[in-house]
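Analysis of the macromolecular model
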Amino acid sequence: MPSSRKGLLRAALLLFSGVLVLGWSLAALTLVAYRFIDPPTTAVQTERRMQALFHGKPYRKRYDFVALSRISPELQHAVVAAEDARFYQHHGFDWHEIQIAADEDMEGKRMRGASTITQQLVKNLLFGTSRSILRKGAEFSLVPVAEIVLGKQRILELYLNVVEWGPGIYGAEAASAYYDRTSARNLGRDQSARLAAILPAPLKRRPERMNHYSALILERERQMGW
């Protein structure tokens with residue numbers, strides 16, 4: 001390969017590496033900032049707005065950030081039980097669930113979700129719903145940053161406030177108002193389980209149809225001592 005072409009390739013690689021480092025640094029600084037400020041928007045919210053614009057569909061965003069103390073403990077427990085039962089034990093990655101998922105995949109079974117609340121939060125805030133090896137690598141490296149700089153309570157507070165709960169519905173307060181005509185602090189045990197049950201597919205599921213899944217969540221809560 002001519003030296004000039006090698007030089008161009010080296011320059012391109014250096015530029016690409018620099019862009020990656022800069023992007024990662026900005027993402028890490030954003031997580032640090034969210035230790036103290038509430039996100040005005042997220043990558044998922046921006047993505048949904050752009051999708052609606054592209055398809056010419058109406059879009060109304062419901063998003064009202066509230067303190068964790070204003071979210072019912074029943075909903076906090078239901079979401080943890082449904083989405084990440086070992087949330088308070090792991091440090092960002094649940095290797096036990098990852099191993100189970102890998103074993104099921106090797107056996108040809110449907111692969112179960114193994115993403116923790118921390119992983120889902122990083123993806124929601126910074127990357128949206130797109131999938132790529134590059135994004136997964138960035139997410140993987142930022143999860144420990146989130147665990148260190150945010151801590152469990154802030155991670156849970158952020159997650160409950162930004163997670164998608166339906167078309168244009170983000171966070172516990174907006175979901176409570178939309179589905180139950182109440183505030184997040186007033187949610188009961190059954191209401192909370194039904195809301196938690198729609199999180200895996202918020203654009204398709206409705207709380208009133210979640211009898212089976214909400215019962216499983218309530219049983220898991222009982223097993224966890226809640």
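Residues numbered from 1 in each chain as written. Predicted model: local features only at pLDDT ≥ 70, side-chain atom pairs only at ≥ 80, totals over all residues. Heavy atoms only, no water.

Side chains of Phe16, Leu20 and Leu134 sit close together on the surface and give an oily, nonpolar patch of about 290 Å² of accessible area. Relative to the helices and strands, phenylalanine 16 resides in helix α1 (residues 3-33). For phenylalanine 16, a relative accessible area of 48% corresponds to the partly exposed category. (Patch = residues over 30% accessible without salt bridge, like charges linked within 9 Å, V, L, I, M, F, W, Y side chains within 5 Å. Areas by Shrake-Rupley, 256 points an atom, 1.4 Å probe, with all protein chains shown as cover. Salt bridge = Lys/Arg side-chain N within 4 Å of Asp/Glu carboxyl O. Helix = DSSP H or I, 4+ residues; strand = E, 2+ residues; numbered from the N terminus. Buried < 20%, exposed > 50% of the residue type's maximum accessible area, 1.4 Å probe, protein only.)

This part is about the packing of aromatic side chains. Summed over all chains, the structure comprises four aromatic pairs. Seen in terms of ring centroids, phenylalanine 93 and tryptophan 95 are 5.4 Å apart; in terms of plane orientation they differ by 35°. Their pairing is tilted. Members of the aromatic cluster, each reached through a chain of ring pairs, are Phe93, Trp95 and Phe140. When the ring centre of phenylalanine 36 is taken as reference, the NZ or CZ atom of arginine 35 above it lies at 5.9 Å. (Phe/Tyr/Trp six-rings, centres within 6.5 Å; stacked < 30°, edge-to-face > 60°. Lys NZ or Arg CZ within 6 Å of the ring centre and 35° of its normal.)

Turning our attention to the packing of helix α5 (residues 117-127) against helix α6 (residues 133-162). Each pair of packed helices can be summarised by the angle the axes make with each other and by the distance between the axes. Where α5 contacts α6, the axes come no closer than 6 Å and their chain directions differ by 100°. Judged by the angle between their axes, α5 and α6 are roughly perpendicular. The class makeup of the residues in the contact of α5 with α6 is 16 nonpolar, four polar and four charged. (Axes fitted to C-alpha atoms, helices over the stretch in contact; angles between N-to-C directions. Parallel < 35°, antiparallel > 145°, perpendicular 65-115°, else oblique. Nonpolar A, V, L, I, M, F, W, Y, C, P; charged D, E, K, R; others polar.)

Quick look at the pattern of salt bridges now. This model, assessed by the stated rule, comprises eleven salt bridges. Here glutamate 164 ties to arginine 48 by a salt bridge, and the two come within 2.8 Å at their closest N and O atoms. Of this pair, glutamate 164 sits in strand β2 (residues 164-166) while arginine 48 sits in helix α2 (residues 43-55), and the two are 116 residues apart along the sequence. One exposure class covers both glutamate 164 and arginine 48, and it is buried. With its nearest N and O atoms 3.8 Å apart, the salt bridge here joins arginine 189 to glutamate 221. Linking arginine 189 in helix α8 (residues 189-197) with glutamate 221 in helix α9 (residues 211-223), this pair joins segments that are 32 residues apart in sequence. With relative accessibility at 26%, the residue arginine 189 sits in the partly exposed group.

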